[in-house]
Amino acid sequence: MSKALYLVDSYLKETDATVVSVKDGKFVVFDQTIFYPNGGGQPYDKGKIVKGAETFAVVYVGKFSGEISHEVDHAGLQAGDRVHLVLDWERRYRLMRSHTAAHVVASLLNQGTGALITGNQLDVDHIRFDFNLEQFDREVLETYLEKANRLFGTDVPVKWYELPREEAMKVPGVVKMAGAFPPDLPTLRIVEIVGVDKQADGGTHVKNLREVGQVQFIKSENKGKNNRRIYFKLN
Ligand SMILES: [Zn+2]
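Residues numbered from 1 in each chain as written. Predicted model: local features only at pLDDT ≥ 70, side-chain atom pairs only at ≥ 80, totals over all residues. Heavy atoms only, no water.

Chemist: Looking at this structure, I do not really get the coordination of the zinc ion. What am I missing?
Modeler: Tetrahedral metal sites with four donors have an ideal angle of 109.5 degrees; octahedral sites with six donors have ideal angles of 90 or 180 degrees. Taken together, the protein ligands of the zinc ion are H99 (NE2), H103 (NE2) and D201 (OD), with distances of 2.0 to 2.1 Å. In primary sequence terms, the donor set of the zinc ion follows H-x3-H-x97-D. Taken together, the residues span a long stretch of sequence, with H103 in helix α1 (residues 89-113) and D201 in the loop between β13 (197-200) and β14 (215-222) at a distance of 98 residues. With a relative accessible area of 13%, D201 lands in the buried category. (Donors = N, O, S within 2.8 Å, 3.2 Å for Na, K, Ca; no water. Helix = DSSP H or I, 4+ residues; strand = E, 2+ residues; numbered from the N terminus. Buried < 20%, exposed > 50% of the residue type's maximum accessible area, 1.4 Å probe, protein only.)

This is the structure in structure tokens:
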């Protein structure tokens, strides 16, 4: 099983690694990786693999049967190769800022209205989530974004760590996604935005709310009874 370095240090932009296996010439598993695989509402990382003078572009990263598989743009990598992994940091950093922003807005909405998030998807140019409220208008949503923006202007640390499952499940609101259950593991990874939010999460985040910058409302939609959708973005 490859070591997911991004879970410990989300600011790691490069690392050396060894190719463990290659399938169909272009699906590559390494002994360790900095590439986040698509999932949990956060898109996969892009970047490149350098082997001597040759460069392979990483076009997709997914988790299959527990392994993190990197799809590269052409064949040529072989098991045992020593390589260097390099992230498209601009893309990743935007997604980190967006992910932390999404947790703050979801937490404020949840605390203020009791709404649960029923779906969420980050993208490079927007953040979207669905929540289960019967009635909600744009003005009210915008006041939540204003509240979030005030927090993004302050020094609030963000921490991540493992907790034994039993202890983690006692944290109020540790699961914000309606119907979601954390994986059946002995420990859960907790992302804590100090004083704001604490939840089980496998994504990559910034270390301080100041790094988020500010967010801006795009639009909201009614997606049927009890289902509202909001789109916002980083400024
Ligand atoms: Zn998350």
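Chemist: Explanation requested: the sheet that holds strand β11 (residues 158-164) in the structure shown.
Modeler: Each strand in a sheet pairs with its neighbour through backbone hydrogen bonds, running either in the same direction (parallel) or in the opposite one (antiparallel). Overall, antiparallel pairing links the three strands, which are arranged β11-β12-β13 in an open sheet. The open sheet terminates on both sides in strands that have one partner only, identified here as β11 and β13. Neighbour to neighbour, the strand axes of the sheet diverge by 25 degrees on average, direction disregarded. Pairing of strand β12 (residues 187-193) with β13, which is carried by four bridges, proceeds in the antiparallel orientation. Residue pairing in the sheet places V191 in a bridge with Q199 of β13. Packed onto the sheet, α1 meets β11, β12 and β13 and runs at close to 80 degrees relative to β12. (Pairing = 2+ DSSP bridges. Axes fitted to C-alpha atoms, helices over the stretch in contact; angles between N-to-C directions. Contact = heavy atoms within 4.5 Å.)

Chemist: For this particular structure, what's the right way to read the layout of surface pockets?
Modeler: Unoccupied space between atoms shows up once a probe the size of one water molecule is rolled over them. Its boundaries defined by the atoms lining it, the second largest pocket holds a volume of some 160 Å³. Those elements giving two or more residues to the lining of the second largest pocket turn out to be β2 (14-23), β3 (27-30) and β7 (67-72). Looking at side-chain class alone, the lining of the second largest pocket contains five nonpolar, two polar and two charged residues. (1 Å grid on protein atoms, 1.4 Å probe; cavity = no way out; pocket = protein on both sides within 12 Å on 5 of 7 lines; lining within 4 Å. Points joined across faces, edges and corners; volume = space filled by probe spheres on them. Nonpolar A, V, L, I, M, F, W, Y, C, P; charged D, E, K, R; others polar.)

Chemist: Is there a simple way to explain the pairing of strand β15 (residues 228-234) in this structure?
Modeler: Along any regular strand the residues' side chains alternate between the sheet's two faces. Burial of β15 is extensive: six of the seven residues sit out of reach of the surface. Examined bridge by bridge, strand β10 (residues 127-131) and β15 share five bridges and lie antiparallel to one another. From the neighbouring strand, R128 faces β15, where its bridge partner is Y231. As defined by bridge partners, β14 adjoins β15 across seven bridges and the pair is classed as antiparallel. When the sheet's bridge partners are listed, K219 is paired in β15 with Y231. In sequence, β14 turns back onto β15 through a hairpin of five residues, with G224 there showing a positive phi of about 100 degrees.

Chemist: Please explain the pattern of salt bridges as it appears in this structure.
Modeler: Side-chain pairing between opposite charges can occur once the charged atoms of the two side chains come close. For the coordinates displayed, the defined rule picks out eight salt bridges. Note that R229 and D130 form a salt bridge whose closest N and O atoms lie 2.7 Å from each other. Within this pair, whereas R229 is found in strand β15, its partner D130 is found in strand β10, the two being separated by 99 residues in sequence. Pair check on accessibility: R229 and D130 agree, each one buried. Between R138 and E142 there is a salt bridge, with the nearest N and O atoms lying 2.6 Å from each other. Residue R138 and its partner E142 are located together in helix α2 (residues 138-152), separated by four residues, close to a single helical turn. (Salt bridge = Lys/Arg side-chain N within 4 Å of Asp/Glu carboxyl O.)

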